[in-house]
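Breakdown of the fold
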Amino acid sequence: MAEMKAGRAQTVRGRVGALLALLLCAALQAGCVGLAEHRKLAYEVDRLRSGGVGGSGAAAELRADIEALREKVARLEGRVEMSEHNSENALREAQSARQAMQGQGGASAGGAPKAAQGGRPSRELRAYREAYDAWLQDEHKKCIDRFSKFLRKYPNSPYGDDASYWFADCHYKRGDFQNAVLRFDDVVNRYPRSDRAPEALFRQGEALLELGHGSAAQRAFQRVRDEYPESEHARSAAQQLDLLGSG
């Protein structure tokens, strides 16, 4: 039995490796990865992810392979991943700074923060506003470009969780549900204590439904219900689970 599980894990890892080789070959020949090829690769990754492999060790190895391929796809598309916060303290300080600004009337109801009364907005704040304005105007490409630049330039910004959420939402609105899933995942993983986390996890479930991945969507909604039971999205997640027949 152990040999069979190991064989299955080796087979799946081999397929992941072959997929990665195809990706690298396409990048070398064409200089970039086309949208159709990317979607094909992303679909294969998701299929491998949902297929499962026997044994916890094999599953962990497969997860590592998939994550490595995921990063390769993002880099070959020319999208640079946001820098992670170096520590939980850094995240806590960033969120405290945002809360302090909100306490001074620093955030508007729509999501775009305001400058302190009588003061000029910083370059960071202006960059955030410009990206958010593109989101408001449904200028999806500009929204994605501006939030991508903002997150690279200000990885520890107190607006990081909001910026990451709008960045993901721009992909969703554009109909790029595969990247929306990945970007909403970034919000949840990097800002798990933010009030954006349950919302992003719920939206990830919606994007997975758009892609036809019902089982993965169920898992996302279950996480909202189980990990963020006090959030306003927990009830919506429970309703989605009822509709999907897994409540």
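Since the structure is predicted, the reported quantities are computational estimates derived from the model, not experimental observations. (Residues numbered from 1 in each chain as written. Predicted model: local features only at pLDDT ≥ 70, side-chain atom pairs only at ≥ 80, totals over all residues. Heavy atoms only, no water.)

A word on the environment of Ala238
- Residue placement: Ala238 occurs in helix H11 (residues 233-243).
- Each C-alpha atom of the pair Ala238 and Gln222 lies 7.5 Å from the other, and the pair is 16 residues apart in sequence. (Helix = DSSP H or I, 4+ residues; strand = E, 2+ residues; numbered from the N terminus.)

So, the packing of aromatic side chains
- Evaluated as defined, the whole model comprises twelve aromatic pairs.
- Where Phe202 meets Phe221, the ring centres are 5.2 Å apart and the plane angle is 50 degrees; that geometry is what we call tilted. Here Phe221 lies in helix H10 (residues 214-227) and Phe202 lies in helix H9 (residues 196-210), a separation of 19 residues in the sequence.
- Among the residues examined, Phe221 registers a relative accessible area of 0% and is labelled buried.
- Members of the aromatic cluster, joined through ring pairs, are Tyr128, Tyr132, Trp135, Phe147, Phe150, Tyr154, Tyr159, Tyr165, Trp166 and Phe184.
- Seen from the ring of Tyr165, Arg196 lies directly overhead, with NZ or CZ sitting 4.8 Å from the centre. (Phe/Tyr/Trp six-rings, centres within 6.5 Å; stacked < 30°, edge-to-face > 60°. Buried < 20%, exposed > 50% of the residue type's maximum accessible area, 1.4 Å probe, protein only. Lys NZ or Arg CZ within 6 Å of the ring centre and 35° of its normal.)

Points about the pattern of salt bridges
- With the rule as written, the count across this model stands at eleven salt bridges.
- Taking the shortest distance from any N to any O, the salt bridge between Lys173 and Asp138 comes out at 3.3 Å. Highlighted residues: Lys173 in helix H7 (residues 160-174) and Asp138 in the loop between helix H5 (123-136) and helix H6 (140-153), separated in sequence by 35 residues.
- The partner of Asp169 in a salt bridge is Lys173, and the shortest N-O contact between them spans 4.0 Å. On the criterion of helical spacing, the pair formed by Asp169 and Lys173 is a turn pair, its members being four residues apart in helix H7.
- Accessibility expressed as a relative area gives 5% for Asp169, which makes it buried.
- One network of salt bridges, with partners in common, ties together Asp138, Asp169, Lys173, Arg203 and Glu206. (Salt bridge = Lys/Arg side-chain N within 4 Å of Asp/Glu carboxyl O.)

Some words on the nonpolar core
- Tyr128, Trp135, Phe147, Phe150, Trp166 and Phe184 are the most contacted members of the largest nonpolar core, which has 40 residues in total.
- Broken down by secondary-structure element, the contributors of at least two residues to this core are H5, H6, H7, helix H8 (177-190), H9, H10 and H11.
- Those residues in contact with Phe184, other than ones at most four positions away along the chain, are Tyr165, Ala168, Asp169, Tyr172, Ala200, Arg203 and Gln204. (Core = buried A, V, L, I, M, F, W, Y, C linked by side-chain atoms within 4.5 Å. Contact = heavy atoms within 4.5 Å.)

Keep in mind that these numbers describe shape and distance, not what the molecule does.
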